[in-house]
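Survey of secondary and tertiary structure
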Amino acid sequence: MTTFAQPKALTLSGTHTRRRGDPMRWAYFAGFLIVTLALMLPVIIIVLTAFKPASEVNAYPPTLLPHQWTLDNFAAIFSQLPFGRLLGNSFAFAGGVTIFALVFDSLAAYALARLDFRGSRVLLIVIVASLMIPFQATLIPIYQLVSQLGWVNTFAGLIVPRAADAFGIFFLRQFFVSLPRDLDNAARIDGASEWRVFRSVVLPNAVPALLTLGIFTFVNNWNDLLWPLVFTTDQNMGTVTSGLTLLTGPGGIIPQGVMMAGALVAVLPLAIMFLLVQRRFIESVASTGLK
């Protein structure tokens, strides 16, 4: 009799525990839903405004849902701007900076983390200290240099000054330091050159850090407004962010519906890219903190 009574008591206890936990679980879920909707409200407004006609966008009091759905705003961004070319320029700019930054940052980080040479610590301090210099303080000297080289309104002027980044060097250096040095020593004993150690030993183990840095670099440059706005004066050489600033209506009024449609189209490539690498990206961010 006691053999059958014990499982029944445990089952009832578990049922009561689940019942007591259900209200708290629903409370957490409701709080999470409210916070999520509050954070997503600007995005929801952008999406809904992109499908509103101009009369509803400028109406007072404003409404959240459009009464009349329209695609005229999306047609306007392609008729008023060379939007396809702007998208291509954004991919070339952000993608080019990302590729060059990963190459040069990883090379510099490897030297600072795995090679012993005189002045390495001083060089590291200088690189970290450069992170404290405001970006705006170096913008004018860089523009003068780019102008003297004749790189204004060129992809070289957009990409080359950003081909290396102090944060990327420091980030990868910290990850390389966490890798066991026995891997390097074993490869050198087998006769591997320094380049072979870097390419075949260190880089394959640093894929999580490289992927994390690559996504951050691409997104930051894709969304950057000031840099392409300063270094491009030709409309055909601009990016999506700088091109949207050229949208003006009659009397200099900014068409908010067209602007929201352009912003929505501009963010779609980033959303698609994140969805494709979402699992890998989360794993990368988590693993970069492990030793």
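1. Describing the overall build of the protein
Each helix and strand in the protein was counted, giving 15 helices and zero strands. Relative to its full complement of 291 residues, the protein shows a buried share of 33%. By sequence separation, contacts in the protein at least 24 residues apart represent 74% of the contacts at least 6 residues apart. About 18000 Å² of surface is accessible on the protein, with carbon and sulfur atoms providing 69% of the total.

2. Here's the deal with helix α5 (residues 120-130)
Of all the residues in α5, the buried ones are Ser120, Leu124 and Ile127. Considered in projection along α5, the buried side chains sweep an arc of 60° and stay on one side of the axis. For α5, the exposed residues set more than 90 degrees away from the buried face come down to Arg121, Val122 and Ile125. Summarising the contacts, the buried residues of α5 are in contact with α4 (83-114) and α8 (166-178).

3. Details of the packing of aromatic side chains
Considering all chains together, one arrives at 14 aromatic pairs under this definition. Taken together, a centroid distance of 5.7 Å and an interplanar angle of 55° make the contact between Tyr143 and Phe231 tilted. Of this pair, Tyr143 sits in helix α6 (residues 139-148) while Phe231 sits in helix α12 (residues 226-231), placing them 88 residues apart in sequence. The exposure class assigned to Tyr143 is partly exposed, which follows from its relative accessible area of 29%. An aromatic cluster is built from Phe135, Tyr143, Trp227 and Phe231, whose rings are joined through pairwise contacts.

4. Structural notes on the nonpolar core
Of all hydrophobic cores here, the largest spans 22 residues; its most connected members are Phe83 and Val240. With eight residues, helix α14 (residues 256-276) is the largest single contributor of residues to this core. Filtering out sequence-adjacent residues up to four positions away, Val240 remains in contact with Phe83, Leu86, Leu87, Ser90 and Ala266. By size, the runner-up hydrophobic cluster in this structure holds 16 residues, among which are Leu179, Ala209, Leu210 and Leu213.

5. Digging into the environment of Leu210
By the element assignment, Leu210 lies in helix α11 (residues 207-222). Note: C-alpha distance between Leu210 and Gly168 (42 residues apart in sequence) is 9.3 Å. Those residues in contact with Leu210, other than ones at most four positions away along the chain, are Leu102, Ser106, Leu172 and Leu203.

6. Remarks on the packing of α4 against α8
Packing of α4 against α8 leaves a shortest axis separation of 8 Å and a crossing angle of 45°. Considering the angle they form, α4 stands oblique to α8. You can see that α4 and α8 cross each other, and the crossing is right-handed. Where α4 approaches α8, its residues Asp105, Ser106, Ala108, Ala109, Tyr110, Leu112, Ala113 and Arg114 are matched on the opposing element by Gly168, Ile169, Leu172, Arg173, Phe176 and Val177. Each residue belonging to the contact of α4 with α8 can be placed in one class, and the counts come to nine nonpolar, two polar and three charged.

7. Remarks on the packing of helix α9 (residues 181-189) against helix α10 (residues 194-205)
Two elements in contact, α9 and α10, have axes separated by 10 Å at closest approach and are oriented at 145°. Here the hand of the crossing between α9 and α10 comes out right-handed. Across the interface between the two elements, Leu183, Asp184, Ala187 and Arg188 from α9 touch Glu194, Val197, Val201, Val202 and Asn205 from α10. Classifying every residue of the contact of α9 with α10 gives five nonpolar, one polar and three charged.

8. Description of α14
Since the α-helix packs 3.6 residues into each turn, any two residues three or four apart lie on the same face. With 21 residues, α14 extends 30 Å from end C-alpha to end C-alpha; this agrees with the ideal 30 Å at 1.5 Å per step. Where α14 bends most, the angle comes to about 30°, and this point is Leu268, followed within four residues by the proline Pro269.

9. Side note on a nonpolar patch on the surface
On the surface, Trp26, Phe29, Phe32, Leu33, Leu37, Met40, Leu41, Val43, Ile44, Ile45, Leu64 and Leu65 cluster together into a nonpolar patch covering about 1200 Å² of accessible area. Residue placement: Val43 occurs in helix α1 (residues 2-50).

Procedures and definitions
- Residues numbered from 1 in each chain as written.
- Predicted model: local features only at pLDDT ≥ 70, side-chain atom pairs only at ≥ 80, totals over all residues.
- Heavy atoms only, no water.
- Helix = DSSP H or I, 4+ residues; strand = E, 2+ residues; numbered from the N terminus.
- Buried < 20%, exposed > 50% of the residue type's maximum accessible area, 1.4 Å probe, protein only.
- Contact = heavy atoms within 4.5 Å.
- Areas by Shrake-Rupley, 256 points an atom, 1.4 Å probe, with all protein chains shown as cover.
- Arc of directions from axis to C-beta.
- Phe/Tyr/Trp six-rings, centres within 6.5 Å; stacked < 30°, edge-to-face > 60°.
- Core = buried A, V, L, I, M, F, W, Y, C linked by side-chain atoms within 4.5 Å.
- Axes fitted to C-alpha atoms, helices over the stretch in contact; angles between N-to-C directions.
- Parallel < 35°, antiparallel > 145°, perpendicular 65-115°, else oblique.
- Left-handed = near helix turned anticlockwise from the far one by under 90°.
- Nonpolar A, V, L, I, M, F, W, Y, C, P; charged D, E, K, R; others polar.
- Expected span 1.5 Å × (residues − 1).
- Bend = angle between axes of the 7 residues up to and from the residue.
- Patch = residues over 30% accessible without salt bridge, like charges linked within 9 Å, V, L, I, M, F, W, Y side chains within 5 Å.
- Salt bridge = Lys/Arg side-chain N within 4 Å of Asp/Glu carboxyl O.

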